[in-house]
Amino acid sequence: MSEKRTARQAILDAFRDIVLERGYDGIRVLDVVERSGVARSTFYEHFQSREDLLLDSMRVPMESLSQLAGPTPDLQKAVFVLEHFRQNRTLAKSLLDGESTSVVRTLLAELIVQSDPLPPGIAQAVAGAQLGVIAAWLDGSDGRSANELAQTLRQVTTALIGLR
């Protein structure tokens, strides 16, 4: 593994650990730098800000959810992400709450627009609905499987897209 990859991974690992300890709202770049053991300049070689770090961390899972808005969604991709969220419930819940919620919702909305060109307001509504349903599911009161939830998310997404 290259030295740049190692530093990047150390930063991502430190970010994850701090989010688990105290949530996104309590993170400063300095905290991530200190925990990861990299220099501040090294952090900025990889990321512009803590928001950029959050966006990078959430891009792949949000891409899997955004494709539910497309004409031929792959529900298995969504199921995989949902199962990952459930296995890492504490981390997932902390990233779907507080300051990070609007950052993640905006990222998901932007990816939805790429999947199916929608007006920004509808894309934001779809993203908010998806994340809200997932957050409720992670609270444990919803007994659905990840597969059932993926189907529900597709139905919700389709209904909201019909509003355009």
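Refer to the structure presented above.
Note that the coordinates shown come from a computational prediction; the quantities given were computed from them, not determined experimentally.

Caption draft 1: Spatial organisation of the environment of L55. The residue L55 is located in helix α4 (residues 50-66) in this model. Taking the C-alpha atoms as reference points, L55 and L149, 94 residues apart in sequence, are found 24 Å from one another. Excluding residues within four positions of it along the chain, L55 makes contact with V103 and L107.

Caption draft 2: Layout of the packing of aromatic side chains. What the rule picks out here adds up to three aromatic pairs. Ring plane angle 80° and centroid distance 6.3 Å describe the contact between F15 and Y24, whose orientation is recorded as edge-to-face. Residue classification places F15 among the buried residues on the basis of a relative accessible area of 3%. Centroid distance F43 to F47: 5.8 Å. Interplanar angle 45°. Geometry classified as tilted. The class of F43 is buried, set by a relative accessible area of 1%.

Caption draft 3: Structural detail: the environment of I18. The topology assignment puts I18 in helix α1 (residues 3-22). Judged by its relative accessible area of 0%, I18 is buried. Here the alpha-carbon distance between I18 and L91, two residues 73 residues apart in the chain, equals 9.8 Å. Leave out the neighbours within four places in its chain, and I18 touches G23, I27, D31, V32 and R35.

Cut-offs applied
Residues numbered from 1 in each chain as written. Predicted model: local features only at pLDDT ≥ 70, side-chain atom pairs only at ≥ 80, totals over all residues. Heavy atoms only, no water. Helix = DSSP H or I, 4+ residues; strand = E, 2+ residues; numbered from the N terminus. Contact = heavy atoms within 4.5 Å. Phe/Tyr/Trp six-rings, centres within 6.5 Å; stacked < 30°, edge-to-face > 60°. Buried < 20%, exposed > 50% of the residue type's maximum accessible area, 1.4 Å probe, protein only.

Function-wise, these values are silent; they only describe arrangement.
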